[in-house]
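Residue strings, one per chain:
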Amino acid sequence: MNIETKLGLDAFILDKETHIVVNQEICKECEAKYCLYVCPGRRYSVNQETGEMALEFGGCLECGTCMIACVDGALDWNYPRGGFGVQYRFG
Ligand code: SF4
Ligand code: SF4
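Residues numbered from 1 in each chain as written. Chains lettered and ligands numbered in written order. Predicted model: local features only at pLDDT ≥ 70, side-chain atom pairs only at ≥ 80, totals over all residues. Heavy atoms only, no water.

Colleague: Lay out the site of ligand 2 in plain terms, naming residues and giving numbers.
Modeller: Near ligand 2 the following residues occur: I20, C39, P40, Y44, C60, L61, E62, C63, G64, T65, C66 and W77. Considered class by class, the residues forming the shell around ligand 2 number nine nonpolar, two polar and one charged. (Near = heavy atom within 4 Å. Nonpolar A, V, L, I, M, F, W, Y, C, P; charged D, E, K, R; others polar.)

Colleague: Just give me the short version of the side chain of D15, but keep the residues and values in it.
Modeller: Counting through the fold element by element, D15 comes out in the loop between β1 (11-13) and β2 (20-22). Side-chain polar atoms of D15 contact the side chain of R81, separated by 2.8 Å. Not counting the four nearest positions on each side in its chain, D15 is found in contact with F57, R81 and F84. (Helix = DSSP H or I, 4+ residues; strand = E, 2+ residues; numbered from the N terminus. Polar contact = N/O pair within 3.5 Å; in protein donor to acceptor, adjacent residues only side chain to side chain. Contact = heavy atoms within 4.5 Å.)

Colleague: Run through the pattern of salt bridges, naming residues and quoting values.
Modeller: Inspection of every chain in the model, using the stated rule, returns three salt bridges. With a shortest N-O distance of 3.3 Å, E25 and K28 are connected by a salt bridge. In this pair, E25 and K28 are both assigned in helix α2 (residues 24-28), three residues apart and thus about one turn of the helix distant. With a shortest N-O distance of 3.9 Å, E56 and R43 are connected by a salt bridge. Residue E56 is located in the loop between β4 (53-55) and α4 (65-69), and its partner R43 is located in the loop between α3 (35-38) and β3 (44-46); the two are separated by 13 residues in the primary sequence. With relative accessibility at 48%, the residue E56 sits in the partly exposed group. (Salt bridge = Lys/Arg side-chain N within 4 Å of Asp/Glu carboxyl O. Buried < 20%, exposed > 50% of the residue type's maximum accessible area, 1.4 Å probe, protein only.)

Colleague: Describe unusual backbone geometry, listing the residues and the values that go with them.
Modeller: Although it is not a glycine, R42 adopts a positive phi angle of roughly 50°. Note on placement: R42 falls in the loop between α3 and β3. Even without a glycine there, the phi angle at E62 is positive, about 60°. Within the secondary structure layout, E62 lies in the loop between β4 and α4.

Next comes the structure, spelled out in structure tokens:
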């Protein structure tokens, strides 16, 4: 079983509000866009209409990689509220 298959078996309990807030003003000036490449859940993408950095927080694996990679400090990163977020099936 490959990593994508294992991750696909994880379950998520979705909150209504995001637990990671993206500062678009900082992202606008960012050329590297590390978040696009480091997220194992591929949660980041560029909105083709607005050019803003989009985050689909629902499938977040809560690994914290994006927070470390975003050296410009654009992310206000928190764990989801109690009772919400990822439920791992394979550790
Ligand atoms: S979240 Fe961080 S790495 Fe991603 S575009 Fe914004 S400033 Fe750049
Ligand atoms: S915490 Fe991990 S899975 Fe969640 S958005 Fe950041 S890099 Fe992606």
